[in-house]
Amino acid sequence: MSTVLEIIDKGTRYLEKRGIENARLNMQLMVAQRLACSRMQLYLDFDRPLKEDELSPLREDLKRRGEGIPLQHITGNVEFHNRNFLCDSRALIPRPETEELVSLILQEIKKHPALLQKESIHILDLCTGSGVIGLSLAAELPNAQVTCSDLSEDALALAKENRAELNLPHVSIIHSDGFQSVEDHFDIIACNPPYIANAEKANASQEVNHDPELALYSGEDGLDFMRQILPESYNKLNSGGFIALEIGYDQASATENLLSNAGYSEISTHKDLNGIPRFPIAHKL
Ligand code: GLN
């Protein structure tokens, strides 16, 4: 009978042969998920023999991972900004950069005492997908009134499951095409929209092809959705509020122009951890 450590070693070699990056970490996370323990707990259980009924689902996971199915779709969850979220093909797999967007929004709020003094900060997460941005903000800011919206019914169903998992029943989750069905006004609008140029579809990695296309692509230069929503977003913001966006690696100056044309002030684009200008923040005075 193989032990936990032997299975991790074997699975790691299998994934490495198939060109999967971070093979050992992937294998550890799949084993931890099937044994319903944390990755750290695996270290304490290295010598524990695995029974056949534990091994056969793992073999299936390993095969799927070797075929390029994303790890997050196999384990069914993802850690985002210190919380666990359900994750599957109904919405985009949350990227690590987007956690930085959440941190930036929290920092930006602290810089604006007028916002902090409000009885309740109204926040919209437009294109919420699995809900990670809006639900993280709702969890961090107990007095905030958060709305999450998306065009995709599939994504909304997943966001609702995450809302239940995180026990945030006061967050409102609504169906809307852009701002079409958004009725309220907000102090903060956060948005990680589809922003990849259509032409890049041909170069997308196997893993990105498991994300819904709706969440990824937006016209010839990737900015079609931005052009649609930025003017409307300005009308939906309370004065003293701000918008915080995630954009593609080469879209900072184009997005800053769109923001400025929409009437925004104090526009600045923050870099992500790779040094790429990634997160424009702009204020409505
Ligand atoms: N950040 C994602 C990627 O690079 C794209 C997500 C998006 O369009 N918002 O694949």
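The structure we're discussing is the one just above.
Quantities reported herein were computed from a predicted structural model and do not represent experimental measurements.

Here we look at the overall build of the protein chain
Stage number 1. Looking only at helices and strands, one finds eleven helices and nine strands in the protein chain.
Stage number 2. The C-alpha atoms of the protein chain give 21 Å as radius of gyration, which agrees with the globular expectation for 285 residues (19 Å, within 12%).
Stage number 3. Its C-alpha atoms put the protein chain at 65 × 45 × 35 Å along the principal axes.
Stage number 4. Counting the 285 residues in the protein chain, one finds 50% classified as buried.
Stage number 5. Within the protein chain, contacts between residues separated by at least 24 positions form 63% of all contacts whose residues are at least 6 apart in sequence.

Examining the state of the cysteines
Stage number 1. This structure, assessed with the given rule, holds zero disulfides.
Stage number 2. Cysteine 87 supplies the cysteine sulfur nearest to cysteine 37, a cysteine that is in no disulfide, at a spacing of 20 Å.
Stage number 3. With no disulfide of its own, cysteine 148 lies 11 Å from the sulfur of cysteine 127, the closest cysteine sulfur.
Stage number 4. For cysteine 148, a relative accessible area of 0% puts it in the buried group.

Structural notes on the layout of surface pockets
Stage number 1. Looking at the second largest pocket, its volume works out to about 430 Å³.
Stage number 2. Contributing to the lining of the second largest pocket are 30 residues, with Cys127, Gly129, Asp150, Pro194 and Ala215 lying nearest its centre.
Stage number 3. Contributing elements (two or more residues each) for the lining of the second largest pocket: strand E3 (122-126), helix H8 (132-140) and strand E4 (145-150).

Considerations on helix H9 (residues 153-165)
Stage number 1. Here H9 contains 13 residues, and its C-alpha end-to-end distance of 18 Å stays within 8% of the 18 Å for a straight helix at 1.5 Å per residue.
Stage number 2. Along its buried surface, H9 packs onto strand E2 (83-86), H8, E4 and strand E5 (172-175).
Stage number 3. Taken from the residues just after H9, asparagine 167 is the one with a positive phi, measuring 55 degrees.

Considering the site of the ligand
Stage number 1. In the vicinity of the ligand, the contacting residues are Leu92, Arg95, Asn192, Pro193, Pro194, Tyr195, Ile196, Ala215, Leu216 and Glu246.
Stage number 2. Within the side chain of asparagine 192, a nitrogen or oxygen atom sits 2.7 Å from a nitrogen atom of the ligand.
Stage number 3. Protein contacts shield 87% of the accessible area of the ligand, which totals 300 Å² for the unbound molecule.

Rules used in this analysis
- Residues numbered from 1 in each chain as written.
- Predicted model: local features only at pLDDT ≥ 70, side-chain atom pairs only at ≥ 80, totals over all residues.
- Heavy atoms only, no water.
- Helix = DSSP H or I, 4+ residues; strand = E, 2+ residues; numbered from the N terminus.
- Rg over C-alpha atoms; globule rule 2.2 N^0.38 Å.
- Buried < 20%, exposed > 50% of the residue type's maximum accessible area, 1.4 Å probe, protein only.
- Contact = heavy atoms within 4.5 Å.
- Disulfide = S-S within 2.5 Å.
- 1 Å grid on protein atoms, 1.4 Å probe; cavity = no way out; pocket = protein on both sides within 12 Å on 5 of 7 lines; lining within 4 Å.
- Points joined across faces, edges and corners; volume = space filled by probe spheres on them.
- Expected span 1.5 Å × (residues − 1).
- Near = heavy atom within 4 Å.
- Polar contact = N/O pair within 3.5 Å; in protein donor to acceptor, adjacent residues only side chain to side chain.
- Areas by Shrake-Rupley, 256 points an atom, 1.4 Å probe, with all protein chains shown as cover.

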